[in-house]
Amino acid sequence: MAPLANTLTLVPGGTRGIGLATAKLFARQGSRVVILGRDLDRIHHVLDKELGPISPSTSPALNHIGLQCDVSKQEQVDLTIKELSKVAPIDFLIHSAGIARDALLMAHKAEDIESVIATNLMGTIWINKAVAKGMMRRKKGAIINISSVVGIQGNMGQTVYSASKSAIIGFSKSLSKELGSRGVTVNVIAPGYIDTDMTSSITEVRKQEIMAKTSLGRLGQPEDVAEAALFLAQAKFITGQVLVVDGGLSL
Ligand code: NDP
């Protein structure tokens, strides 16, 4: 039987980049996957072309699920998780929804600052709050929130993004203490530079500079982060930790 057969994995931000690679990896391991995003066309594309049907040998007659949900809106998150709870309990949450709006603080527009905090930080809080309830009740579950190495060491032009990502670490460590006695683990992945839509506007020269700073001499791929998420999802005695996945960039 597939390792994750008869499990449900929720991936907010599962329509692109790191979240999509994670959704695909968990699906290949036999898990039924639920992806959340704001773009309905993209959700349909991923369900039809990227995830495909669930392996009949693991979960016959079930399909993966895609739902439109803006994680920065608490009402939408609560409604989505309530509807999902009628389908099946959530075993794994890999929270990958996030945005970057980079600017030096003095030039940072108020609306961009608010969007970054509302999506990256408040989105993480709303999703974790809604999902943790069911996991506590079942005394079972693993939560993995996606932060960034920028949340650990900071980066010029990313003050607010960095603040949102640092906050995810403090939030997750604290939540791991609240949920530990209920058998629920909460961990964080801090990726370095990963080749996704989010980083597509970075110039080739800058990419070469970043690559040169990694010990492994290459940029990260979304699948590198997905592998780490799969490891943490199955790790029974690891909680409150931050796993840096950056090829040595931050050393
Ligand atoms: P992408 O831009 O490729 O994907 C972001 C995903 O988040 C999309 O599925 C997007 O869907 C979803 N999303 C964004 N805003 C919302 C929202 N308000 N509600 C619901 N879904 C939303 O980014 P990455 O895959 O690169 O990034 C994933 C996570 O990893 C982010 O948290 C990012 O900060 C973090 N990270 C990325 C790094 C990198 O180098 N790429 C490095 C370190 C951390 P839609 O737009 O349709 O809503």
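Residues numbered from 1 in each chain as written. Predicted model: local features only at pLDDT ≥ 70, side-chain atom pairs only at ≥ 80, totals over all residues. Heavy atoms only, no water.

- The chain appears in an unreviewed UniProt entry as Reductase from Mortierella alpina.
- Taken verbatim from the UniProt record of the chain, the Sequence similarities (unreviewed entry) comment is "Belongs to the short-chain dehydrogenases/reductases (SDR) family." (UniProt positions renumbered as here; feature names shortened; annotations may be inferred.)

1. Remarks on the pattern of salt bridges
Here comes step 1: Enumeration according to the criterion identifies eight salt bridges in this entry.
Here comes step 2: Between Asp91 and Arg138 there is a salt bridge; the shortest N-O distance is 3.3 Å. Taken as a pair, Asp91 in the loop between α3 (74-85) and β4 (92-95) and Arg138 in helix α4 (residues 110-138) lie far apart in primary sequence, 47 residues in all.
Here comes step 3: For Arg138, a relative accessible area of 33% translates into the label partly exposed.
Here comes step 4: The salt bridge involving Arg206 is made with Glu209; its shortest N-O contact spans 2.9 Å. Of this pair, Arg206 and Glu209 both sit in helix α7 (residues 204-213), three residues apart, roughly one helical turn.
Here comes step 5: What you see here is one network of salt bridges that share partners, running through Asp91, Arg138 and Lys140. (Salt bridge = Lys/Arg side-chain N within 4 Å of Asp/Glu carboxyl O. Helix = DSSP H or I, 4+ residues; strand = E, 2+ residues; numbered from the N terminus. Buried < 20%, exposed > 50% of the residue type's maximum accessible area, 1.4 Å probe, protein only.)

2. Description of the pairing of β4
Here comes step 1: Across the two faces of β4 the burial is the same, with Phe92 and Ile94 and Leu93 and His95 all buried.
Here comes step 2: In the sheet, β4 pairs with strand β5 (residues 141-146) via four bridges, with the strands oriented parallel. Residue Leu93 lies in a different strand from β5, and its bridge partner there is Ile143.
Here comes step 3: As a crossover connection, the stretch from β4 through α4 into β5 is right-handed. (Pairing = 2+ DSSP bridges. Right-handed = clockwise from strand over helix to strand, strands pointing away.)

3. Quick notes on the nonpolar core
Here comes step 1: Phe26, Val33, Ile35, Leu51 and Ile189 are the most contacted members of the largest nonpolar core, which totals 30 residues.
Here comes step 2: Discounting chain neighbours no more than four positions away, the residues touching Ile189 are Ile144, Asn145, Ile146, Ser147, Ser148, Val225, Ala228, Ala229, Leu232, Leu243 and Val245.
Here comes step 3: Core analysis: the next-biggest nonpolar cluster, separate from the first, contains 24 residues, Ile65, Ile81, Leu93 and Ile127 among them. (Core = buried A, V, L, I, M, F, W, Y, C linked by side-chain atoms within 4.5 Å. Contact = heavy atoms within 4.5 Å.)

4. A few points about the sheet that holds β4
Here comes step 1: Spatially, seven strands are ordered β3-β2-β1-β4-β5-β6-β7 in an open sheet, and the strand pairing comes out parallel. Of all the strands in the sheet, the pair left with one neighbour each is β3 (65-68) and β7 (242-245). Put simply, the sheet's adjacent strands are angled 15° from each other on average, direction ignored.
Here comes step 2: Across four bridges, the pairing between strand β6 (residues 184-191) and β7 is parallel. Among the inter-strand pairings, Ile189 is bridged to a residue of β7, identified as Leu243.
Here comes step 3: On the sheet, helix α1 (residues 17-28) packs against β1 (8-12), β2 (32-37), β4 and β6 and is oriented at approximately 165° with respect to β2. (Axes fitted to C-alpha atoms, helices over the stretch in contact; angles between N-to-C directions.)

5. Topic: the site of the ligand
Here comes step 1: The immediate surroundings of the ligand are formed by 29 residues, with Thr15, Arg16, Arg38, Tyr161 and Thr196 found nearest.
Here comes step 2: Within the backbone of Gly13, a nitrogen or oxygen atom sits 3.2 Å from an oxygen atom of the ligand.
Here comes step 3: A distance of 2.9 Å separates a nitrogen atom of the ligand from a polar backbone atom of Val71.
Here comes step 4: Surface burial for the ligand is 96%, taken as the share of its 880 Å² of free accessible area covered by protein chains.
Here comes step 5: Sorting the residues of the shell around the ligand by element identifies α1 and α6 (159-179) as the ones contributing at least two each. (Near = heavy atom within 4 Å. Polar contact = N/O pair within 3.5 Å; in protein donor to acceptor, adjacent residues only side chain to side chain. Areas by Shrake-Rupley, 256 points an atom, 1.4 Å probe, with all protein chains shown as cover.)

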